[in-house]
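# Structural overview
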Amino acid sequence: MANSLKHLFSPIRVKKMEIPNRIVMPPMGTNLGNPDGTVSEANLAYMKRRARGGAGLIITEISAIHPSGMAIPSELGSYDDRFIPGLKMLADVIHSHGSKAVLQLHHTGRESLFMLKAGKAIAPSPIRSLVFGMTPREMTREEIQELIAAFGAAAFRGKQAGFDAVEVHGAHGYLLTQFLSALSNQRTDEYGGDLSNRSRFIREVLQAVRRRVGEDFPVSLRLSAEEFIKGGYTVEDLKPLLPEWVKAGADIIHASLGTHGSPGGITSAPIEYPPGFNVGRAKRIKEIVNVPVIGVGRFTDLPLADEVIGRGDADLVAFGRQFLADPDFILKSREGRFEDVRKCIACNQGCIERLILGEGNIRCAINPETGQETLYPQGPAAVRRRVWVIGGGPAGLTAAWEAARLGHRVDLFEKEKEWGGQLRYAGKPPFKGIYQEWGAWLGAQARKMGVNLHPGVEATEKMIQEGNPEAVILAAGGEKIIPDIPGIDLPHVTDAWQILSGEVAPKKQVLVIGGGLIGMETADFLGQKGTQVTLVEVLKRSPVLKITSHGYMLHTRLREAGCKLLFDTAVKRIETSSVTILSQGAEEVLSPIEQVVIAVGLKPTENLKKFLESKGIRHFVVGDAVLPRRIIEATEEGAKAAWSL
Ligand SMILES: Cc1cc2nc3c(=O)[nH]c(=O)nc-3n(C[C@H](O)[C@H](O)[C@H](O)COP(=O)(O)OP(=O)(O)OC[C@H]3O[C@@H](n4cnc5c(N)ncnc54)[C@H](O)[C@@H]3O)c2cc1C
Ligand SMILES: Cc1cc2nc3c(=O)[nH]c(=O)nc-3n(C[C@H](O)[C@H](O)[C@H](O)COP(=O)(O)O)c2cc1C
């Protein structure tokens, strides 16, 4: 083990729980549970894969302490004894590689779409959900008492199921935060009013949990150290409350951040926030109370976490999405194989946003195994095939790596000299360099896995015919769309790819055609360089949703850079120094425009598809070559093609 990791790999004791190292896997909802809230095979397989990683402490995803508090209908339950056998299996799986197991106890309050729709959501006050925009019913005092007792009972079930500790979820805008925050609690009884009254619910929940689990059993309190919302509480507001919560039963403070209603998805922070950005709040909490504090927020590598522990800024460090991107990152780092760690790119596509947008169960855009552990073939394949992969973007590189892992003999052809396909451009806009790094990483990993790489070689019909592979995975991506607009051939008209690659230098007054991700990011790239950008999009609204964390940050930066976004607007004509647009039936001439940048997107590359079909060659078309979309579809389709060879 590298010396620099000695802080991280030192044990820490909390009551009778001896945690073997300072690495925490924080709670992450998976949506993998059975429909009745019991633990499923998929839950166990997902957790088993992560437990192998060697974290000191693993905290389960949310479990509902009461039927009124479920965020989704299939949320794991801890509100009834019938859940204990499944929870016991989960605790056993976590223990199987030496981690300590913590059950997270949760009540969602107003933040549940299906409860709101059914008119059943409850909260301290009837104030609209920030996430779903609907209003819950105010809780009665009897209901408050019932839920306090339910937290205690659920904690006791956790103990019965063999967990080493429980964590009370007091963060992220769920019921406990709703009581704490003046923005969601306008009660006039002893549970509302000043900060002390608003913190009473958390205090009484902790007391109830303590009563039920006994003095020796560790209890963690997860808090949003700061609400991160206009008018919300800050870490300084917690100063008088933290000692009371510790007295009431909290043995660990888990210092998370924000609510799901905070702008920009700060709870699972986007790429704009650097690794470890939130640890200052953990440090502040450590100055206030003398219990172990867990720091969390965009950690992806062990050396940084080791420094944090060494400096005493936190006692433990949680790696959330990094456990989704690469459950082996601890093992690889301990072996000194830092370059093999698949680093989370904080895109949130497969994880938190997929769950919040109701798109299905957990995935990871850069790790196709995540959430699909029960399907993931371990290999080797029964028949080793000779496979050609065409295209070295995320789809092709993932397909090639997976196929080689399963024992197939793989040749990968990429017509460019560099790996990554569109990632070579996706990595250029502000903060997105990690996309390009990931592309290069995929290339290096494919080589290590034994793929025969052919950079700078365009696969042709003739080559395929002569090479006669048993199967072809066509991951050739898309081609630029050039819109049919008068003036499109003028010399000052260029495209997003030429601008992003630096092939064409940006001018001062630029009009971007296309308000999808590529157009918006090109505008961002230009805006940060001081260019005056006007962006024109025919759709009524940007397909880049502000409710996604990246979308929010992107829209904010464009606004701050003074970029003019014209939706529901079409470009009619391009002239040497002006552009005529059509907006709501009226034409308008924009001038001066020194440069026009086309960013209307891509269409699938048709090259080779017909040939493969007509020759009856076994083949799979994957990623943008099917339809230009996102990296998550590219990696998933690439992997699935390899699995079905
Ligand atoms: C500026 C920009 C920003 C983006 N940002 C994001 C983002 O934030 N999130 C997201 O999810 N997606 C983003 N995307 C889209 C994402 O990059 C693509 O969806 C993804 O790269 C598609 O992967 P792919 O492997 O299917 O295709 P590609 O990445 O296009 O790779 C295809 C590869 O095949 C090669 N090729 C084609 N024909 C042949 C041949 N005959 N022989 C050999 N090689 C061939 C090409 O050279 C290319 O390298 C962005 C795209 C751009 C341009
Ligand atoms: C898919 C997903 C699900 C999450 N579910 C929970 C949860 O059940 N309980 C919780 O307290 N936090 C949850 N979180 C927040 C994480 O525990 C963590 O605080 C957050 O992702 C920031 O850490 P990271 O930057 O290391 O990912 C979730 C995050 C993700 C990505």
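For clarity, every value in this text was computed on a predicted model and none was experimentally measured.

Thresholds applied
- Residues numbered from 1 in each chain as written.
- Chains lettered and ligands numbered in written order.
- Predicted model: local features only at pLDDT ≥ 70, side-chain atom pairs only at ≥ 80, totals over all residues.
- Heavy atoms only, no water.
- Near = heavy atom within 4 Å.
- Polar contact = N/O pair within 3.5 Å; in protein donor to acceptor, adjacent residues only side chain to side chain.
- Areas by Shrake-Rupley, 256 points an atom, 1.4 Å probe, with all protein chains shown as cover.
- Helix = DSSP H or I, 4+ residues; strand = E, 2+ residues; numbered from the N terminus.
- Nonpolar A, V, L, I, M, F, W, Y, C, P; charged D, E, K, R; others polar.
- Pairing = 2+ DSSP bridges.
- Axes fitted to C-alpha atoms, helices over the stretch in contact; angles between N-to-C directions.
- Contact = heavy atoms within 4.5 Å.
- Domains from an automatic or database assignment.
- Buried area = accessible area lost by both parts, 1.4 Å probe.
- Salt bridge = Lys/Arg side-chain N within 4 Å of Asp/Glu carboxyl O.
- Core = buried A, V, L, I, M, F, W, Y, C linked by side-chain atoms within 4.5 Å.
- Buried < 20%, exposed > 50% of the residue type's maximum accessible area, 1.4 Å probe, protein only.
- Patch = residues over 30% accessible without salt bridge, like charges linked within 9 Å, V, L, I, M, F, W, Y side chains within 5 Å.

## A short note on the site of ligand 1
Inspection of the region around ligand 1 gives 36 residues, with Gln349, Glu414, Lys432, Asp624 and Ile631 positioned closest. Note that an oxygen atom of ligand 1 is positioned 2.6 Å from one of the side-chain N or O atoms of Gln349. Contacts to ligand 1 include Ala459, whose backbone N or O atom sits 2.9 Å from a nitrogen atom. Protein burial of ligand 1: of its 1000 Å² of free accessible surface, 96% is covered by the chains. Looking at which element gives the most residues to the shell around ligand 1, the answer is helix H19 (residues 517-528), with three residues. Residue composition of the shell around ligand 1, grouped by class: 18 nonpolar, nine polar and nine charged.

## Quick look at the sheet that holds strand S14 (residues 409-414)
Backbone hydrogen bonds are what pair the strands of a sheet, in a parallel or an antiparallel way. Ordered by their spatial adjacency, five strands build an open sheet running S15-S14-S13-S16-S27, and the pairing between neighbours is parallel. Strands with a single pairing partner mark the edges of an open sheet, and in this sheet they are strand S15 (452-455) and strand S27 (619-621). Ignoring strand direction, the axes of neighbouring strands in this sheet form an average angle of 15°. In terms of strand pairing, strand S16 (residues 471-474) meets S27 through three bridges, oriented parallel. If you follow Ile473 over to S27, its bridge partner there is Phe620. With respect to the sheet, helix H14 (residues 394-405) is in contact with strand S13 (386-390), S14 and S16, its orientation differing from that of S14 by roughly 165°.

## A word on the site of ligand 2
Around ligand 2 there are 23 residues in total, and Pro27, Arg222, Arg298, Gly320 and Arg321 lie nearest to it. Within the backbone of Pro27, an N or O atom sits 2.6 Å from an oxygen atom of ligand 2. Out of a free accessible area of 610 Å², ligand 2 has 97% covered by protein chains.

## A look at the pairing of strand S22 (residues 569-575)
In this structure, S22 lies alongside strand S23 (residues 578-583), joined through six bridges in antiparallel fashion. From the neighbouring strand, Arg573 faces S23, where its bridge partner is Thr580. Following S22, the chain reverses through two residues before pairing antiparallel with S23.

## Comments concerning the domain arrangement of the protein chain
According to the domain assignment, the protein chain contains domain 1 (3-356), domain 2 (386-480 + 604-643) and domain 3 (493-600). Placing a centre on the C-alpha atoms of domain 1 and another on those of domain 3 gives a separation of 41 Å. Across the domain 1/domain 3 interface, buried area totals approximately 600 Å², and carbon plus sulfur atoms make up 59% of it. The largest per-residue losses of area from domain 1 upon contact with domain 3 belong to Gly264, Glu272 and Glu353, which jointly make up 63% of the total buried on that side. Inspection of the domain 1/domain 3 interface yields one salt bridge. The salt bridge partner of Arg557 is Glu272, with a shortest N-O separation of 3.0 Å. For the pair domain 1 and domain 3, the number of links is three residue pairs in polar contact (both at pLDDT 80 or more).

## Topic: the nonpolar core
Among the nonpolar cores identified, the biggest contains 132 residues, and Phe201, Trp245 and Ile253 are the most heavily contacted of them. With sequence-adjacent residues up to four places away left out, Phe201 is seen in contact with Ile144, Leu147, Ile148, Leu175, Leu176, Phe179 and Tyr191. The next biggest cluster of nonpolar side chains, apart from the first, holds 20 residues, and it includes Tyr425, Ala496, Val533 and Val544.

## Remarks on a nonpolar patch on the surface
There is a patch of nonpolar side chains on the surface, built from Ile356, Leu357, Leu545 and Ile547 and spanning about 350 Å² of accessible area. Mapped onto the secondary structure, Leu357 falls in the loop between helix H13 (352-356) and S13. You can call Leu357 partly exposed: its relative accessible area is 35%.

## Digging into the pattern of salt bridges
Tallied over the full model, the rule gives 38 salt bridges. Linking Glu190 and Arg141 is a salt bridge whose minimum nitrogen-to-oxygen distance equals 2.2 Å. Of this pair, Glu190 sits in the loop between helix H5 (175-180) and helix H6 (195-198) while Arg141 sits in helix H4 (residues 141-160), and the two are 49 residues apart along the sequence. Between Arg630 and Glu633 there is a salt bridge whose closest N-O contact spans 2.9 Å. Within the structure, one salt-bridge network assembled from shared partners comprises Glu335, Arg337, Glu339, Asp340 and Lys448.

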